[in-house]
Amino acid sequence: MTGTLKNMRLGLALCVGVLIAVLPLFANNYWTDVCVSIGLYALLALSLNVILGQAGIFHMGHAAFYAIGAYTTAILNTLCQWPIFWTMPLAGLAAGLVALVVARPIIHLRGDYLAIVTIGIVEIVRIALVNDVFGITGGSNGIFGISRPSAFGFRIYKSIHFYYLVWGMCGITVLLFHFLWNSRIGRALNYIKADDVAAEGCGVDVAQYKLMAFVLGAFWAGMAGTLYAAKMMTIAPASFNFMESIIIFAVVILSGGSHLGVLVSAFLFIGLPELMRGLTESRMLFFGLAMMLMMVWRPQGLLPPLARSYEKIVRKLGREAGENGGAGK
């Protein structure tokens, strides 16, 4: 059964990959831009999935690190004339450093308490940007005149260029995070999500691993901010409000926590409202109803991760223990 599910997932992944590769060849500029937005949200959701989907940390302020990355790129590019791609690792480092500073004192919190604190983080960052901290963020007007990225003499400026840039980054992210999922770190995060008390009792440094997941997710969100700044050429605090964090959070929850699920969920969550744009205001009513039904009938999400080998063993032992107990009675 598990082998069949795995083959089905591989087939679905192949179909999604082919669809992503050929989609802009049949779409106009508007839908190509929509797919670029979907790719950015997918990239952000993949980074949040390390924090929420793998480690089980209820983080609802992810847009804060997205904003830090975008503003780092904008400042370095407009004031220091740095090329866009040179700013990307620094944007990630800036977001990761802020995450390290703010997460260390709160990482021991759980559930609703942690979620409320992380909501405060995104609001603090937004208000700081609006108030033009250090005189370099541009206040509520933001930063203008961000240049287009270029590599090896090729200038990226068309929608189709950004499409392949963003989705290429998504492909690299899925590959790297797949290796992370199957690594010792990924297994430790899985233990923590399942039961952090039991994980700590087994020798896992829960606080350290949680902090590592938080910083890694923020680092990747910061690099996604670089792509956003390069695409839009102008950024403002209004683009990084709490609602953005809610959307990213919802994409991860709807996905079920798998990397393929995140990509499919991003297409549904961001693409469906655009397809229903002709229904004006009622489109969000239908979309909200669909989300409610989804959570009722499939609370585990669209494509939850396949069970690890040790999870299968535990379930098998549990069934055998139940059968033996029933036989004894």
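None of these values were measured; they are calculated from a predicted model.

**With respect to helix H2 (residues 29–54)**
Thought 1: The first and last C-alpha atoms of H2 sit 36 Å apart over 26 residues, in line with the 38 Å expected at 1.5 Å per residue.
Thought 2: The axis of H2 is deflected most strongly, by about 45°, at Leu 48.
Thought 3: For H2, the tally of buried residues reaches 21 of 26 residues, placing the bulk of the element in the interior.
Thought 4: Gly 56 lies just past H2 and shows a positive phi near 75°.

**Some details on the side chain of Ser 255**
Thought 1: Following the sequence through the fold, Ser 255 ends up in helix H10 (residues 242–255).
Thought 2: There is a polar contact of 3.1 Å between the side chain of Ser 255 and the backbone nitrogen of Gly 257.
Thought 3: Not counting residues up to four positions away in its chain, the partners in contact with Ser 255 are Gly 261, Val 262, Ser 265, Gly 301, Leu 302, Leu 303 and Pro 304.

**Some words on the packing of aromatic side chains**
Thought 1: In this structure the tally under the stated criterion is 12 aromatic pairs.
Thought 2: Following the ring pairs from residue to residue traces out a cluster consisting of Tyr 66, Tyr 71, Tyr 228 and Phe 240.
Thought 3: Of note, Lys 231 hangs over the ring of Phe 162, and the distance from its end group to the ring centre comes to 5.9 Å.

**Description of the pattern of salt bridges**
Thought 1: Within the structure shown, the criterion is met by 4 salt bridges.
Thought 2: With its nearest N and O atoms 3.2 Å apart, the salt bridge here joins Asp 33 to Lys 231. Here Asp 33, found in helix H2, pairs with Lys 231, found in helix H9 (residues 206–232); they are 198 residues apart in sequence, far enough to count as distant.
Thought 3: Of the charged contacts in the structure, one is a salt bridge between Arg 126 and Glu 123, with a shortest N-O distance of 3.0 Å. Of this pair, Arg 126 and Glu 123 both sit in helix H5 (residues 111–130), separated by 3 residues, roughly a single helical turn.
Thought 4: Taken together, the salt bridges that share partners define one network made up of Arg 110, Asp 196 and Lys 210.

**Details of the packing of helix H3 (residues 63–79) against helix H4 (residues 84–103)**
Thought 1: One can describe the packing of H3 onto H4 by two numbers: an axis separation of 8 Å at closest approach and a directional angle of 140°. Classed by the angle they form, the pair H3 and H4 counts as oblique. The two elements H3 and H4 cross, and the hand of that crossing is right-handed. Facing H3, whose interface residues are Phe 65, Ile 68, Gly 69, Thr 72, Thr 73, Leu 76 and Asn 77, H4 presents Ile 84, Thr 87, Leu 90, Ala 91, Ala 94, Ala 95, Val 98, Ala 99 and Val 102.
Thought 2: For the contact of H3 with H4, the residue count by class is 11 nonpolar, 5 polar and no charged.

**Looking at the side chain of His 259**
Thought 1: Locating His 259 in the fold gives a position in helix H11 (residues 259–275).
Thought 2: What makes His 259 buried here is its relative accessible area of 12%.
Thought 3: When residues no more than four places from it in sequence are discounted, the contact partners of His 259 are Leu 46, Asn 49, Gln 54, Val 174, Phe 177, His 178 and Trp 181.

**What to know about the packing of H2 against H11**
Thought 1: Packing of H2 against H11 leaves a shortest axis separation of 8 Å and a crossing angle of 140°. Of the possible angle classes, the one that applies to H2 and H11 is oblique. At the point where H2 passes H11, the crossing takes the right-handed sense. Packed against H2, whose contacting residues are Tyr 30, Trp 31, Val 34, Ile 38, Tyr 41, Ala 42, Ala 45, Leu 46, Asn 49 and Gln 54, the element H11 presents His 259, Val 262, Leu 263, Ala 266, Phe 267, Ile 270, Gly 271, Glu 274 and Leu 275 at the interface.
Thought 2: Of the residues contributing to the contact of H2 with H11, the split by class is 14 nonpolar, 4 polar and 1 charged.

The rules we used
Residue positions are given per chain, counting from 1 as you read along its sequence in written order. The predicted origin of the model limits local features to residues at a pLDDT of at least 70 and limits the giving and counting of side-chain atom pairs to 80 or more, whereas totals for whole chains, interfaces and linings rest on all residues. Computation of side-chain values: all heavy atoms of the structure, hydrogens and water removed. Strands are runs of DSSP state E lasting at least two residues, helices are runs of H or I lasting at least four, and both sets are numbered from the N terminus onward. Expected helix span is given by 1.5 Å per residue-to-residue step, counting one fewer step than there are residues. Fitting axes to the seven residues ending at a residue and to the seven starting there, one defines the bend at that residue as the angle between these axes. Three labels apply to residues, based on accessible area from a 1.4 Å probe with only protein chains included: buried if under 20% of the type maximum, exposed if over 50%, partly exposed otherwise in between. Between N or O atoms, a polar contact is any pair within 3.5 Å; within protein, one atom must be a potential hydrogen donor and the other a potential acceptor, and residues adjacent in sequence are included only when both atoms are from side chains. Whether two residues are in contact is decided by their heavy atoms, any of which lying within 4.5 Å being enough. Geometry of aromatic contacts follows a simple scheme: Phe, Tyr and Trp rings, the Trp one being its six-membered ring, pair when their centres are within 6.5 Å, and the pair is stacked under 30 degrees between planes, edge-to-face over 60, tilted otherwise. Definition used: whenever NZ (Lys) or CZ (Arg) falls within 6 Å of the ring centre and also within 35 degrees of the ring normal, the charge is taken to sit over that ring. Whenever a carboxyl oxygen of Asp or Glu lies within 4 Å of a side-chain nitrogen of Lys or Arg, that contact is scored as a salt bridge. Every angle, taken between N-to-C directions, lies between 0 and 180 degrees, and every axis is a line fitted to C-alpha atoms, over only the stretch in contact when it is a helix. Oblique is the label for any angle not under 35 degrees, not over 145, and not in the 65 to 115 range, which are roughly parallel, roughly antiparallel and roughly perpendicular in turn. Here a crossing is taken to be left-handed if its near helix is turned anticlockwise relative to the far helix by less than a right angle, and right-handed if that turn runs clockwise. Under the grouping applied here, Gly and all other residues not named as nonpolar or charged are polar, the nonpolar ones being Ala, Val, Leu, Ile, Met, Phe, Trp, Tyr, Cys and Pro and the charged ones Asp, Glu, Lys and Arg.

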